[in-house]
Structure formats: structure tokens, C-alpha cells
Amino acid sequence: MTAVEMGDNLPMSCRLSVLVQTPAHSGLSGPLTYLSDEALPPGTLVRVPLGTRETLGVVWDTPPSLEPERPSDTASLYAARHITGPLSEAGQLPVLSAAWRQLVGFAARYYQRGLGEVALAALPPQLRALDGAQMARRLAKRSIAISKSTETPSDASVLESAPTSGALLLSAEQQQVLQTIEESPGPFLLFGATGSGKTEVYLQAVQRILELDPLAQVLVMVPEINLTPQLEQRFRQRFEPTWGEQSVVSLHSGMTPAQRLKAWLAAHTGAARMVLGTRMAIFASMPHLQLIVVDEEHDPSYKQQEGARYSARDLAVYRAQNEGIKVILGSATPSLESWHHSRPANEGGRYQRLHMPSRVGTGAQLPTVRRVDMGRQPKGAVISPPLLQAIQERIARGEQVMVFLNRRGYAPVLFCADCGWKSECPHCSAFRVFHKIDRSLRCHHCGFSQPVPKACPDCGNLDIASLGRGTEKIEEHLQALLQTQRKPNGQPIQMVRIDADTTKIKGSLEAQLAQVHDAEVDVLVGTQMIAKGHDFRRVTLVAVVNADSALFSSDFRAPERLFALLMQAGGRAGRDAAFLAKQGSQAELWVQTDHPTHPLFEALKTHDYPAFAEAQLKERQEAGMPPFTFQALVRAEARTQAVAQSFLNAASAAGAELAGAEQVFRFSAVPMSLQRVANVERAQMLLESTSRSALQAFLTAWQATLHSTRALPEHKGLIRWAVDVDPQAI
Ligand code: ADP
Ligand code: ZN
Ligand code: ZN
């Protein structure tokens, strides 16, 4: 080990490479050199001085600078300083494994961010705040907790006598899939209809691994844990009886720093056998990781939208390959990238596609899709008469209805018919949304909020009207339409709205969802929050009020997103075959649209994701779009649009000679579609290449150019720039 060899030469101290949290644009992205009395192995957590502070660092693999220490150096700014010490006594806290360090290294390189930034962001924030003594207390508390929890038996004898902890008898499809997963190396794309029992497959795949190896750990990733508390419960109920209360930990941004540290330590020390987490969990330190599951792998929330803009799904595939373990990506509507990767091997596919087309349960079927041509409905109808009638029938039978709309608030715009005034945000190039509940005009981008004006601010017209509709308005409208409606027991109906506004208070979402599960609610109105993953047993009809805006979006991924969302929303209907049979009811997905014959809706009607995907992929191939090309986006923010654009264009021109440049097409800078947010002007430049490695080489070389271009006097008003590799929204 280099540090030890160095130590032989320098009797007083040896040199260590240490990663610390360096500001993103300091230009210091690699490890710093520190001195240490003892040679600490890579992956050791240490406390080090940095400037005037003391901070957390990770001993890294790269050999420290080989220059011998010279006395004159001590005065210099870059003289190596002495580490304060390791965060814990040797042996108390395991080092971060080589595999973990490789994951961090790959993420930093691929997503073009500083190694120190990525490494430290991958650790729980509270770790940074602890000194050695505090850490020791934390670890002591942990080992007491663990020895207590092992008193509740978790050894082999219990495994045998345990009443299989609720594992269901698998359907033939599920069994086939599970067997393939066990016998083949993967990566796997589990393409299974909503309600086909994918989650049960994950549960049993996990269970087998935990049973086979007393140390094995698994990582299960889900898009948004707090949206689906039910799923977390399902995992806990399945595993905790056998493997103990410590066996399942969660990792997500809704946890307090103390909770996160505790969960992280459990994973890092191997005490937790399963980590259930959101995208950040991809960086969990798990020394005995054997399996990664990425549920709803198509979900956009797997892409981090700030700092290092990593895709947790893509990193999961890298991590699994790097550690020689299996990874299962699951979805009813896979991302086109994953779909493409899972084409037959002889056509270049790298993933193994597994298919579960049927819903679980005898007679269970996917919902019938009904398109309502809004052009043929009474003018101005929000809920068309046939849809209203269908809703009324469901409620009368004691079934639940879900009404889905992709916009919260009451109305997206307030508007004066006299002078044309609209409720624009003064700080953003966007409209403020009218929220009737507190009569405010709120900007969803910068948060700027004002009471609704009594009259038009421009002409004084007292009659300002609302344009368009949000969830609040739909709720109000449905309340009025269903006012006289009664449940089977003669009671008036109950309606609940679930969106970002009604779920701000901690616990309110859980309470609202519980009401739905307990059948207290008849009509559920909400945004995509209600479309995701919930296993509602009594919902038999799902209605999408207006799906059209995404049909003609400038973002080439909009149709893919819309299709996934509609399939997912439809997937909430008729999940309980027995309930449907008892009711003599059919699951239905209603879509109101002005374009009922659009190919997207045709594919939706037959639940034909493969046909939709093939058509989309063909279009993408012809247009030279991902996954057939690779993209990166550079975004710049400045005081003026001119500076933001000129910075990008100048950096592009200055990069013409760099590695890979001739294979990377650089478009001209353009304003972002949301051009101004909170008085900051935003521009972007798209980079495209048919070669991923050329794009990577160029981006790596280009970093220095971006830094030097920024320093030019003409770019003084530039605030920041950032590279987004494999951007999800253009
Ligand atoms: P998905 O994740 O594909 O949407 P789930 O795993 O949530 O599907 O399964 C849908 C419903 O069917 C759940 O209520 C689940 O408990 C039930 N289920 C899954 N597999 C089986 C099975 N083999 N036998 C009986 N019920 C099952
Ligand atoms: Zn006016
Ligand atoms: Zn704003």
C-alpha cells in the first residue's frame, strides 16, 4: 500500500489522499493530500482540517502526491496538513468498500461532478457533524440495540419453524419469472402489467437470497416512498417477523438526519438485511449486497435534478455489474431506454426481458379504456355527461372512483377579458396559479404568492375570470355535480383531494390514504400522486380529465411519460378481482380528449405497451434521438439571457479542438422553456453524439474550458452552470 511505503520513507508521518466536500466550482475536484501518523486504508472515514474548519473526509485510493515534504512547504497554502484523526477507532466502523468507492468514482466521472462532492453527498449528512467521541457513543448505542434485537431469535432453527411469513402461492407466470431470475445472470427487465404481482416477485426473490446467505443484503428502490407507505409496510410485514426489527431500513429524504444516520449505519455495518429507499439509496454502503431491485424503473424521479444529476436506475445497473450481482428493473411501462436494452440478444440487447402480462387472480382483467371525444360533448363541459353517469353508477354500487388531473390549484391563470391582463409571475416567465382555498395567486416555480386582486391591476375591471382548471376546481365542480348523490347506505358521498397542497403537513397523506383504503371515501381527486403504486382495493373507475397537453409537447419524452402515467393511473382500477366479481363490476379507465384517435390512445386502449414502444423507438431512431444517440445538456443561469447564451456559445466554440469534439454535435444556446425563474435568466445548450464514449471524453475535457470561459470579463453576470448527462427533460 502506497501510504505504508511512504511511511517507511517518512518516519514521522505518511501521506493520505482524502476526499472532502469541495465547492462544486472551486476547481478542486480530486482528493487532497493529508498527513497521518498511521497508514489508514482507503475507505476510512476521517476528520480533517479544511481552511478554518474541521470536516469529514474519506481516505481515497489514488496515491497521494509523491513529492517529499519540504519544510518551506508548511507556509504555503497547499502544504499538506495533518488529519485530526479517524472518525472511529480501528475496527469499530468498517471502511467503505472498494466497490462503494468504485461506484462513487464512476458516478463522479460519468455525471461530470467533483469526486469529493459526490462521495460526501453519498454519506448521511449527520456523519459530517460527528466527532470521534460522538461517533463512539453512537456505535456503542447501536451495538446494545443489536444485541437486544438478536435476543429475539433470528437463527436457522427459527427459519425452519417460521410459518413462511406470508409468502403467497405464486401464479405460473410469477413462478416462471422467479425461476429465470434465479438461473440467469441478468440484468432483468421485469415487464409486468399493473397488478400482475411484480411486488410479490421482488419479495420472494429477496426472501430466497436472505435465506440462502446469513449475511446477504438487498437494496430495493422505489420512486417515492412517502407516496406509498403501504409498500413499505408490505416489506416490513414480510421480513421483520423472520429477520428481526432491524432487518429492514428505509432511506429517503423525508427522514430526519438522525434517522438517516441510524439507517445508514445499519446498512453499512451489515445489520440491516434490506434497504428500501428512493434514488439516494443507490449510494447506500452495503458490504454484502446481493441483489438490487428498481421498482417502477421508468419513473422520472430516479433522476436527480440538482448537484450530480445521476440516474439511480442507471447506477443500479452499473453497481450490479461491478459487484457481480443481480439487478431487477420492474415496470408495466418500461422506459424506452430499458425496453431497447432488453431487445433480443442477437439484436444487441443486454438485458433479459421477463414478461408477466396477466393480472393476479381468477378473472382479473386490465381496465377497459373508454375515450370520450370532448369535441362531441356539450360546449365547456369539464366532466362529460357519459363520464358523470358512469361515476354516479359506481358510487351508487358502493365502489370508489378516482379522478385524475395533472395540475394542482384551482385555475392555472386568472384573466381579464377587457384588457387581456393575465396573472403572470413578475419574477418568472410563467403564470401564477389561482388557489381558491386561500384566495392566493401562487407561482409554482419561485413560490411568489399574493392575495388575488379585487379588480384587474391594469384596467380596474372587477370581473376577472379564471382560465383552465386545477384539482381544486375539479373537486368543487364534482361536489356540485354529485350533491344529491347518495351511497348505498343513504349517506351523502365523501370526496377527498390529494395533491401537493393537501399533503404538506406530515402525516396528512397517510391519513387521507387510510380513508381511501377504509372505504370512507367515494371519490378521490388528485394529481399524479394518486396514480403511483397504490393498491386501492375498491377503486373500479379511474378518470383522466384532460390528457391532451402532453400530446403536442416540445419534449420528445412527453408521449412516453403520458402513456406511462395513463397506464399507471388505469392500473389503480379493479385491482381486486374478487371485489369486482362480487360487485358484478368491470374496471374502467376513462380518458377525456379532443383527439380520441391519436395513436397513443389507440395503443392505450389495447394496453399494448410493446406496440407503443416500437412506434416510439422507430420515431426516435429516425429522428436520431435517445436511446439511439446520447445527450448532455449544459444549463447556464445569469442576470441576463444574453450573458447566459454567450457563455455557452463561447465555451462551445472554444471546445472545438478537444477530444471527441468532432463526434459531438453542439447545438446553439437557446433560452430554457421556462426562461426566467426568480429573476434569473436561464439558457441551455444541447450536446449530442452517437458515441457515448466520445461524448464522455468531450465533456471531461470541456470542464476546464467551461471554467476558463466563465472567467472572461464578458461573462461577468453568469451565476452558475451545470452539466446534465442523459437529461430527462429537454
Ligand atoms: P404489481 O406490483 O405488479 O402491481 P402486486 O405485487 O402489488 O402487483 O400484486 C397485486 C395484488 O395481487 C396485491 O394485492 C398482491 O397481494 C396480490 N398478489 C400478488 N401475487 C399474488 C399471488 N401469487 N396470489 C395471490 N395474490 C397475489
Ligand atoms: Zn384588465
Ligand atoms: Zn415565480
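Residues numbered from 1 in each chain as written. Chains lettered and ligands numbered in written order. Predicted model: local features only at pLDDT ≥ 70, side-chain atom pairs only at ≥ 80, totals over all residues. Heavy atoms only, no water.

## Some points on the pattern of salt bridges
Phase 1: Applying the stated criterion across every chain, the model contains 32 salt bridges.
Phase 2: For E54, the salt bridge identified is with R47, shortest N-O distance 2.9 Å.
Phase 3: Judged by relative accessible area, which is 37%, E54 ranks as partly exposed.
Phase 4: Across the salt bridge formed by R397 and E399, the nearest N and O atoms sit 2.8 Å from each other.
Phase 5: The class for R397 is partly exposed, based on a relative accessible area of 33%.
Phase 6: One salt-bridge network, held together by shared partners, links R370, R394, R397, E399 and E588. (Salt bridge = Lys/Arg side-chain N within 4 Å of Asp/Glu carboxyl O. Buried < 20%, exposed > 50% of the residue type's maximum accessible area, 1.4 Å probe, protein only.)

## Side note on the coordination of the zinc ion (ligand 2)
Phase 1: Looking at the metal site, the zinc ion (ligand 2) is ligated by C416 (SG), C419 (SG), C456 (SG) and C459 (SG), spaced 2.3 to 2.4 Å from it.
Phase 2: Here the zinc ion (ligand 2) is ringed by 4 donor atoms whose angles at the metal span 104 to 113°, and the overall shape comes out tetrahedral.
Phase 3: When the donor residues of the zinc ion (ligand 2) are listed from N- to C-terminus, their spacing reads C-x2-C-x36-C-x2-C.
Phase 4: Owing to a relative accessible area of 4%, C456 belongs among the buried residues under this scheme.
Phase 5: Relative accessible area serves as the criterion here: at 39%, C459 is assigned to the partly exposed category. (Donors = N, O, S within 2.8 Å, 3.2 Å for Na, K, Ca; no water. Tetrahedral: all angles 85-135°; square planar, octahedral: opposite > 155°, others 65-115°.)

## Re the site of ligand 1
Phase 1: Neighbouring residues of ligand 1: 18 residues in total, closest L169, Q174, K198, T199 and D535.
Phase 2: Between G195 and ligand 1, the recorded distance is 2.9 Å, taken from a backbone N or O atom to an oxygen atom.
Phase 3: Separating an oxygen atom of ligand 1 from a side-chain N or O atom of R234 is a distance of 2.9 Å.
Phase 4: Protein contact buries 80% of the 560 Å² of open area that ligand 1 shows by itself.
Phase 5: Of all the elements, helix α8 (residues 198-212) adds the most residues to the shell around ligand 1, at 3 residues.
Phase 6: Residues of the shell around ligand 1, tallied by class, amount to 5 nonpolar, 7 polar and 6 charged.
Phase 7: Formed jointly, the shell around ligand 1 draws a minimum of three residues from each of two domains, domain 2 (153-356) and domain 3 (368-408 + 470-622). (Near = heavy atom within 4 Å. Polar contact = N/O pair within 3.5 Å; in protein donor to acceptor, adjacent residues only side chain to side chain. Areas by Shrake-Rupley, 256 points an atom, 1.4 Å probe, with all protein chains shown as cover. Helix = DSSP H or I, 4+ residues; strand = E, 2+ residues; numbered from the N terminus. Nonpolar A, V, L, I, M, F, W, Y, C, P; charged D, E, K, R; others polar. Domains from an automatic or database assignment.)

## A closer look at the sheet that holds strand β21 (residues 495-498)
Phase 1: One open sheet holds the 6 strands; their spatial order is β14-β24-β23-β15-β22-β21, and the pairing between them is parallel. The open sheet terminates on both sides in strands that have one partner only, identified here as β14 (368-373) and β21. Neighbour-to-neighbour, the strand axes of this sheet turn through a mean angle of 20°, independent of strand direction.
Phase 2: As judged from the 4 bridges shared by β21 and strand β22 (residues 523-526), these two strands associate in the parallel manner. Paired with M495 across the two strands is V523, which belongs to β22. (Pairing = 2+ DSSP bridges. Axes fitted to C-alpha atoms, helices over the stretch in contact; angles between N-to-C directions.)

## Re the packing of helix α20 (residues 641-654) against helix α21 (residues 692-711)
Phase 1: Contact pair α20 / α21: the axes reach a minimum separation of 9 Å and the direction vectors enclose 135°. The angle between the axes of α20 and α21 places the two elements in the oblique class. Where α20 crosses over α21, the handedness of that crossing is right-handed. Here α20 contributes F647, A650, A651, S652 and A654 to the contact with α21, which in turn contributes W702, T705, L706, T709 and R710.
Phase 2: Across the contact of α20 with α21, the residue classes tally to 6 nonpolar, 3 polar and 1 charged. (Parallel < 35°, antiparallel > 145°, perpendicular 65-115°, else oblique. Left-handed = near helix turned anticlockwise from the far one by under 90°. Contact = heavy atoms within 4.5 Å.)

## Looking at the coordination of the zinc ion (ligand 3)
Phase 1: The coordination sphere of the zinc ion (ligand 3) contains the protein donors C425 (SG), C428 (SG), C443 (SG) and C446 (SG), at a distance range of 2.3 to 2.4 Å.
Phase 2: Around the zinc ion (ligand 3), the 4 donor atoms sit at angles spanning 106 to 113°, and that spread fits a shape best called tetrahedral.
Phase 3: Here the donor residues of the zinc ion (ligand 3) are spaced in sequence according to C-x2-C-x14-C-x2-C. Of the two residues, C428 is situated in the loop between β16 (413-416) and β17 (433-435) and C443 in the loop between β18 (440-442) and β19 (449-451); the sequence distance between them amounts to 15 residues.
Phase 4: By relative accessible area, which is 3% here, C443 ends up buried.

## A few points about helix α11 (residues 312-323)
Phase 1: Between its terminal C-alpha atoms α11 stretches 16 Å, which fits the 16 Å expected from 12 residues at 1.5 Å a residue.
Phase 2: Among the residues of α11, A312, R313, L315, A316, V317, R319 and A320 are the ones counted as buried.
Phase 3: In this structure, the buried residues of α11 make contact with α2 (98-110), β8 (217-221), β11 (289-294), β12 (326-331) and α12 (336-341).
Phase 4: In the segment just after α11, G324 is the residue with positive phi, at about 65°. (Expected span 1.5 Å × (residues − 1).)

## Overview of helix α14 (residues 471-481)
Phase 1: All buried positions along α14 are accounted for by T471, E472, I474, E475 and L478. The buried residues of α14 occupy an angular sector of 165° when the element is viewed end-on, so they sit on one face.
Phase 2: In this fold, the buried residues of α14 make contact with α13 (385-396), β15 (400-404), β17, β21 and β22. (Arc of directions from axis to C-beta.)

## What about the sheet that holds strand β5 (residues 81-82)?
Phase 1: As summarised here, the arrangement of the 6 strands in space is β5-β2-β1-β4-β3-β6, forming an open sheet in which the pairing is mixed. Edge strands, defined here as strands with exactly one partner in the open sheet, are β5 and β6 (85-86).
Phase 2: As judged from the 2 bridges shared by strand β2 (residues 32-36) and β5, these two strands associate in the parallel manner. Among the inter-strand pairings, L35 is bridged to a residue of β5, identified as H82.

## With respect to the side chain of K487
Phase 1: Its location among the elements puts K487 in the loop between α14 and β21.
Phase 2: On the basis of relative accessible area, K487 is assigned to the buried category, the value being 15%.
Phase 3: Apart from residues no more than four positions distant in its own chain, K487 is found in contact with I395, P492, I493, Q494, A519, E520 and D522.

## Focus on the nonpolar core
Phase 1: Of all hydrophobic cores here, the largest spans 127 residues; its most connected members are L45, L123, F283 and L687.
Phase 2: For this core, the element with the highest residue contribution is helix α16 (residues 558-570), accounting for 7 residues.
Phase 3: L170, L178, V218 and M274 belong to the second largest nonpolar core, which has 28 residues in total. (Core = buried A, V, L, I, M, F, W, Y, C linked by side-chain atoms within 4.5 Å.)

## Re the packing of α16 against helix α19 (residues 609-623)
Phase 1: Where α16 contacts α19, the two axes come as close as 11 Å, and the packing angle between them is 170°. By the angle between their directions, the pair α16 and α19 is classed as roughly antiparallel. Facing α16, whose interface residues are P559, E560, F563 and M567, α19 presents Y609, F612, Q616 and R620.
Phase 2: Across the contact of α16 with α19, the residue classes break down as 5 nonpolar, 1 polar and 2 charged.

## Section: the domain arrangement of the protein
Phase 1: Domains assigned within the protein are domain 1 (3-96 + 106-125), domain 2 (153-356), domain 3 (368-408 + 470-622), domain 4 (411-468) and domain 5 (630-725).
Phase 2: Once you take the C-alpha centre of each, domain 3 and domain 4 turn out to be 28 Å apart.
Phase 3: If you look at the interface, domain 3 gives 9 residues, while domain 4 gives 10 residues.
Phase 4: Of the roughly 760 Å² buried between domain 3 and domain 4, counting both surfaces, carbon and sulfur atoms make up 37%.
Phase 5: For domain 3, the biggest contributors to the area lost against domain 4 are R408, E472 and K473; these three give 56% of the whole.
Phase 6: Scanning the region where domain 3 abuts domain 4 turns up 2 salt bridges.
Phase 7: Residue D501 is joined to R442 by a salt bridge in which the shortest nitrogen-to-oxygen separation is 3.3 Å.
Phase 8: On the surface where domain 3 and domain 4 come into contact, there are 6 residue pairs in polar contact (both at pLDDT 80 or more).
Phase 9: Along the lines of polarity and charge, the residues of the side of domain 3 that touches domain 4 split into no nonpolar, 1 polar and 8 charged. (Buried area = accessible area lost by both parts, 1.4 Å probe.)

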